Each structure stands twice: as C-alpha cells, then as structure tokens.
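An overview of the molecular structure
Here is how the chains run, residue by residue.
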Amino acid sequence: MEVKNLRVNGQRLKFTLEMMAKIGATAGGGVHRLALSDEDKQARGLFLEWLKEIDLVVTVDEMGNIFGKRDGKRPNLPTVLTGSHIDSQPQGGRFDGILGVMGALEVLRTIHENHIETERPVMIVNWTNEEGTRFPPAMVGSGVWAGKLDRDWVYDQADIQGKKLGGELERIGYKGQQPARKWPVHAYYELHIEQGPILEKEGKRVGVPKGILGLNWYDVYIEGKANQVGPTPMEGRNDALCTAAEMILKVNELPMRMGGNMVATVGEIHNFPNSRNIIPGRVHFTVDIRSWDDDLCLRAWEELKKDFGRISEKWGCPVKLVETWRIEHAPFDEKLVKRVGETAKYLGFSTHFMVSGAGHDASYVNQVAPTAMIFVPSIGGRSHVEVENTKGEDCEAGANVLLHCVLQSALER
Ligand code: GLV
Ligand code: MN
Ligand code: MN
C-alpha cells in the first residue's frame, strides 16, 4: 500500500480507548486514574502488553516515563516522538491524555502491520504525572526528561496524604533504571482533545494550536484562630475561611482587571478543621494563572499579592504565599504547525488555528525539540469532568493526522 493511502483503524482505536476507560471507571462515566495510583499501574501494564505485541523496544526511565521504540533504516538519526499521558484528573474524563497515547499506539500499529520502513526511529511515550493534581506540579515526567525540572525535587513532592512521588513510583514498580534525560528528537507530535468549546463552535474538525499558554501555580496558606462558633462574638474573629473567600474573589476578578487575555482560577481548597461548629482556623488554597503573555501573569501576581496582604490584615489572619511552579508560554515549531494544518487539509478535514489553554507535556518538549499538537473537538467544550467526550470519528480523524505527520517526519532523511 502506498504510504499516502494509509489510514488508521478507527474501530480498533475506539476499542482500545474503551479498554483503557475501564481502568479507574467512575459511576458517572468518567475515569479516576490519578498519577502513580493502582489504576495508573494497571493501565501502564496493559499499555506495555500492547507495545510488546507490535515488537517495540520498551524502556522505562527513572521518572517512570514509558517509551516504545521502532527502529528506522537509519537508527542513529534523531527520533520522531509521539504520545501524551495515561494519568487523569480526579473524576476526570475518558479522553484527556489517553487519546494521545492510544492514538500514537494506533499509529504505530498501522505502521507495523503495513511493514512501513521509515528512515528514522519512531517512538511512543507515556509521560508520568502530566496532571499534577495528585502531585503538583504538572508535566513532571517531560519536565525532568527535558532537563527543566530537578529529578530529586520532583521525587520529593508529596500528595495530600504525605506520600512522596518517588516512593509511589517505586511502589507501583515504575521507577526505571534509564536516566530521564532528553536525547535528540527530530519532531514531537501530541494528539489531544481540545478541552474547550472553540472547534465545536466554529464547526471545525481539527484544531492546529500555535502553542500553549504560560501556566503559573501558587499555594496560599492562611492562619486564623479556631474557636467555638456559638459563644464567640462576630466582632474580632480571625476567620481563615472568610479571609480565603475574599481572596478567591480577587483571583476571579484578576483577568478583567488586567485587561483580559488571561484566565485565573482557584480550584482546590482545604479548610481546617472543617467542622460546622468551629470557626475555620486554617485554610490552604491554590491559584492558577494562565496567559500567552508571561509578563502579564507576573504583573497580575504582584497585584494579587498586594490584595492578599490587605485582606490578611483586615481579618488578622497571617498569610504565607508559595510560588509553586511556572512554565512559560510555548510557541510551537512553525514548520511542524504548518505540517499539521496541511496534513489535516490533505486528509479532507476542516481546520482551525488556535492556542491551547490547557497545559501539555508538549510545553516542556517544545523547549528542547521541534513540537506541534493536533486537537480534536470536545463535545460541549467539557473536559476534566466525567462527561468529557469526543466523537469516535473525530478521534479517528486526529489519529490519521498524527499518522501522516509522524510518517512525513520519520521519512525525512
Ligand atoms: C492540565 O491538564 C492543565 O491544563 O492543567
Ligand atoms: Mn492532557
Ligand atoms: Mn488534563
């Protein structure tokens, strides 16, 4: 079969996604497959079986990143890499991340069964802990691999129960031997659901992101004074939760104040001791600020710090601010972005150029290798929730774009 006529097997991709969706399946139709949990382990096990079925050479590095390699005619040339992540959000969806891994698997299955000889090696990857929801920050597998995050610092990050990432990696048996260190990559492609409403609104099939917004994560710790709610008068209380409430609204107002072009969110909050008849004595919440404009994010945080200082004083609740993590906006490789658009058009799909508001491993990979992504529509623009959904034919379309982008890069001499 001529290479240009190759197509992935959409039914097989659908079935593969369904098999994965069973691991950590939730009653509401989503998945709960947190990084380095038993569910993550189980899904990794199945993934490894599938990699071996098509004779890929499998390696697991010290971050638990899983790679499967298929050699090319010239094995010393820089590789073409494609993949995404298997971990999910709590009560998350069946497509975020996993589509990019199973789509890449479908691409490699197609190349394998058609005995295509590429010039360059082609590699599939599952990056560890993309979500950063259990172990902040996000994208640590690709971050360490790219040399942008320190391995031991990442190992030391703890979940809410105090379990360390390094320990959990060992527990599930995925702390590999190979150093998590980048090697020359000729092109990196990541297929992903859009996770927003634009493609559906525009009536377009394939999204072509020019890059990813910069992400800025902060942690806020407020110290109040816990007391009995009944006998304690309203005046003079040091209520940590009321302090947090005022601060959270300031976060929500921030993009408007900074002139748009930004999103800002408090998504996680812990109130202690969390009893209806105790004045909250301690609160921890997170702040997530994103924009294409990295400086705007930094200026926004400076404004927020001033607000937080005023609010903390007003309530007599000291506040500690931690600058947890930042990744600058990622402008993708122009040649590869163009290739994604042209390949989609060649395959007969309508396209839309856009920017990714969601974070992806492609951000870190982009810092060390030419990178591009392929987006397919999210029904109702919903993601990170159990109802997250993408039509089977759209997953197939995205995988076909991925197939032909990978092939073009892998056939380059
Ligand atoms: C990752 O899913 C993110 O956008 O936070
Ligand atoms: Mn994702
Ligand atoms: Mn996600």
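Quick summary incoming for the structure in this document. Computed from a predicted model, the values in this text were never measured in an experiment. (Residues numbered from 1 in each chain as written. Chains lettered and ligands numbered in written order. Predicted model: local features only at pLDDT ≥ 70, side-chain atom pairs only at ≥ 80, totals over all residues. Heavy atoms only, no water.)

**Observations regarding the environment of R205**
Its place among the elements puts R205 in the loop between helix 7 (198–202) and strand 6 (206–212). By relative accessible area, R205 is classed as partly exposed at 25%. Between the alpha carbons of R205 and A35 there is a distance of 30 Å; along the sequence they are 170 residues apart. A polar atom in the side chain of R205 sits 2.5 Å from the side chain of D394. (Helix = DSSP H or I, 4+ residues; strand = E, 2+ residues; numbered from the N terminus. Buried < 20%, exposed > 50% of the residue type's maximum accessible area, 1.4 Å probe, protein only. Polar contact = N/O pair within 3.5 Å; in protein donor to acceptor, adjacent residues only side chain to side chain.)

**Considering the coordination of the manganese ion (ligand 3)**
Donor atoms from the polypeptide that bind the manganese ion (ligand 3) are D96 (OD), E131 (OE), E131 (OE) and H384 (NE2), placed at 2.1 to 2.4 Å. Mapped onto the sequence, the donors of the manganese ion (ligand 3) take the spacing D-x34-E-x252-H. The distance between the manganese ion (ligand 3) and the manganese ion (ligand 2) comes to 3.6 Å, and D96 binds to both of them. Linking D96 in the loop between strand 3 (79–84) and helix 3 (98–113) with H384 in the loop between strand 14 (371–376) and helix 12 (392–411), this pair joins segments that are 288 residues apart in sequence. (Donors = N, O, S within 2.8 Å, 3.2 Å for Na, K, Ca; no water.)

**Quick look at the side chain of R237**
Positionally, R237 belongs in the loop between strand 7 (214–223) and helix 8 (240–257). No salt bridge is formed by the buried R237; the nearest opposite charge belongs to D239, separated by 4.9 Å. A polar contact is formed between the side chain of R237 and the backbone oxygen of V229, at a distance of 3.0 Å. Setting aside residues up to four positions removed in sequence, R237 forms contacts with V229, T232, I279 and W315. (Lys, Arg positive; Asp, Glu negative; His and termini not counted. Salt bridge = Lys/Arg side-chain N within 4 Å of Asp/Glu carboxyl O. Contact = heavy atoms within 4.5 Å.)

**Description of helix 2 (residues 38–53)**
Counted at 1.5 Å a residue, the expected span for helix 2 with its 16 residues is 22 Å, and the 23 Å between its end C-alpha atoms agrees. Within helix 2 the residues assigned to the buried category are D40, A43, R44, L46, F47, L48, W50 and L51. Where helix 2 is buried, its residues touch helix 1 (10–21), strand 1 (57–60), strand 2 (66–70), helix 3 and strand 4 (122–126). Where helix 2 terminates, the next one or two residues include D55, which has phi positive at roughly 60°. (Expected span 1.5 Å × (residues − 1).)

**Some remarks on the packing of aromatic side chains**
For the structure on display, the rule yields 9 aromatic pairs. Ring geometry for F67 versus W183: centroids 4.9 Å apart, planes at 70°, classification edge-to-face. In this pair, F67 sits in strand 2 while W183 sits in the loop between helix 6 (165–171) and strand 5 (185–193), placing the two residues 116 residues apart along the sequence. Judged by its relative accessible area of 23%, W183 falls in the partly exposed class. With 6.2 Å between their ring centres and 75° between their planes, F285 and F308 make a pair best called edge-to-face. Of this pair, F285 sits in strand 10 (residues 282–291) while F308 sits in helix 9 (residues 294–315), placing them 23 residues apart in sequence. Accessibility classification places F285 together with F308 in one group, the buried group. Taken together through their ring pairs, the aromatic side chains of F67, W127, W145, W183 and Y188 make up a single cluster. The ring of Y174 has R44 lying over it, and the distance from NZ or CZ to the ring centre is 5.0 Å. (Phe/Tyr/Trp six-rings, centres within 6.5 Å; stacked < 30°, edge-to-face > 60°. Lys NZ or Arg CZ within 6 Å of the ring centre and 35° of its normal.)

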